[in-house]
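Residue-level structural notes
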Amino acid sequence: MRVVVAGATGRIGSRTVAGLRDHGVEVVSLSRTSGVDLVSGQGLAEALRGATVVVDVTDAPSRGQQVSTEFFSTATGNLLGAAGAAGVEHYVALSVVGADRVDSGYFRGKASQEALATRSTIPHSLVRATPFFESVEAAVTVGTRPDGVLVPPLTIRPVSTDDVATTVAHVAVGVPLFGVLEVAGPEERGLVDFAADFLTATGRTDPVVADARAPFFGAPLSERSLRPGPDVHVGHHTFAQWLEQP
Ligand SMILES: NC(=O)c1ccc[n+]([C@@H]2O[C@H](COP(=O)([O-])OP(=O)(O)OC[C@H]3O[C@@H](n4cnc5c(N)ncnc54)[C@H](OP(=O)(O)O)[C@@H]3O)[C@@H](O)[C@H]2O)c1
């Protein structure tokens, strides 16, 4: 089995490559760093020669709706086209929980990627992850004001990138799902509470303020937009463990 990982240099990609090698499969790393551009299509046909499985863990250059929709439409379209020509038997894409119901911001981009995968003739699997632990830090950075940290009043269940990558690698070596597997972390709490824990762990004393207008992933979200369903696969790494990492 030869598995091509598109986005192999990224947070999830690098961990997925390691996980696939643990499964004993041959892995080909694909990204602009290795001379392959999914947007222009440069180097793509050569990189996919002999591939049985393609794992797509690329990401758009920003969280904005227009940029992410353009990126995922073009990159996924090019990747699926080249994968079909190369005789690929399984396309696995990493998406986000909420892509099927949040109709704005970054979620629109992920929905366009999912739609292309679903319509493709190549058997597919979609792994939808909840926000990574790193998203809490990103929300704190974006929301920091002189008088406090503004974050939206969302209930979230963030997940470690190690748990996501392990799940993606596992799906890639299995049979196509022709559907969705959700993955989330073990704890569900308010983003406000995760942000407060992050601030405490980094020695900050600014107050965290819930503000419904503060966007997350480029979109205004309702309180329960990002909750996974009951059949979710639950990772075992906790937010506290992530905070303790050097
Ligand atoms: N952040 C979250 O909380 C979250 C939650 C759920 C799901 N996800 C999903 O997780 C996926 C991976 O995220 P990540 O944080 O691991 O991303 P990342 O660290 O930003 O990595 C993105 C990868 O895509 C490659 N790439 C970007 N543009 C490319 C292009 N034009 N052609 C070829 N390769 C390209 C990059 O490599 P080069 O720069 O070398 O090209 C890099 O390897 C995303 O699809 C995202 O939707 C994220």
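This one's a predicted model, so the numbers in the text were calculated from it and none came from an experiment.

Considering the arrangement of structural elements, one finds V175 in the loop between helix 6 (161-172) and strand 9 (180-184). Other than its neighbours up to four places away in sequence, V175 contacts H90 and S125.

Bringing the packing of aromatic side chains into the picture now. For the structure on display, the rule yields 10 aromatic pairs. Centre to centre, the rings of F72 and Y106 are 5.9 Å apart; their planes meet at 75°, and the pair counts as edge-to-face. Here F72, found in helix 3 (residues 65-86), pairs with Y106, found in helix 4 (residues 106-119); they are 34 residues apart in sequence, far enough to count as distant. Like F72, the residue Y106 is buried in the burial classification. Between the aromatic rings of F239 and W242, the centroid separation amounts to 5.5 Å while the plane-to-plane angle is 25°, which identifies the pairing as stacked. Remark: W242 and F239 occur in helix 8 (residues 239-244); sequence separation between them is three residues, near one turn of the helix. Looking at F239, the relative accessible area reads 1%, which means it is buried. The side chain of R63 reaches across the aromatic face of Y106, ending 4.3 Å from its centre.

A word on the side chain of K110. The topology assignment puts K110 in helix 4. Excluding its chain neighbours within four sequence positions, the residues that come into contact with K110 are F72, L94, S95, V96 and A99.

What follows deals with the sheet that holds strand 5 (residues 124-129). Pairing in this open sheet of seven strands is parallel, and the strands run 2-1-3-4-5-9-12 from one edge to the other. Of all the strands in the sheet, just strand 2 (26-30) and strand 12 (233-234) have a single pairing partner and so form its edges. Where strand 3 (residues 53-56) and strand 4 (residues 90-96) come together, four bridges link them in parallel fashion. For V54, the partnering residue across the bridge sits in strand 4 and is Y91. Packed on one face of the sheet, helix 3 meets strand 1 (2-6), strand 3 and strand 4 and runs near 175° to strand 3. Of the strands in this sheet, strand 3, strand 4 and strand 5 touch helix 4, which is tilted by about 160° from strand 4.

Parameters at a glance
Throughout, residues of each chain are indexed from 1 in the direction in which the sequence is written. Residues qualify for local features only when their pLDDT is at least 70, as the model is predicted, and side-chain atom pairs are given and counted only at 80 or more; totals for whole chains, interfaces and linings, by contrast, use all residues. Calculation of side-chain values draws on the structure's entire complement of heavy atoms; hydrogens and water are dropped beforehand. Only DSSP runs of H or I covering at least 4 residues are called helices, and only runs of E covering at least 2 are called strands; the numbering of each starts at the N terminus. It only takes one pair of heavy atoms within 4.5 Å for two residues to be counted as in contact. The criterion for an aromatic pair is that two Phe, Tyr or Trp rings (for Trp, the six-membered ring) have centres within 6.5 Å, with stacked assigned to planes under 30 degrees apart, edge-to-face to planes over 60 apart and tilted to the rest. Buried residues are those whose accessible area, probed at 1.4 Å on protein chains only, stays under 20% of the maximum for their type, while exposed residues exceed 50% and partly exposed ones sit between those limits. We call a charge positioned over a ring when the NZ of a Lys or the CZ of an Arg lies within 6 Å of the ring centre and within 35 degrees of the ring normal. Whether two strands pair depends on DSSP finding at least two bridges between them. Axes, fitted as lines to C-alpha atoms, cover a helix only where it is in contact. Angles between the N-to-C directions of the axes lie from 0 to 180 degrees.

Everything listed is a geometric property; what it means functionally is a separate question.
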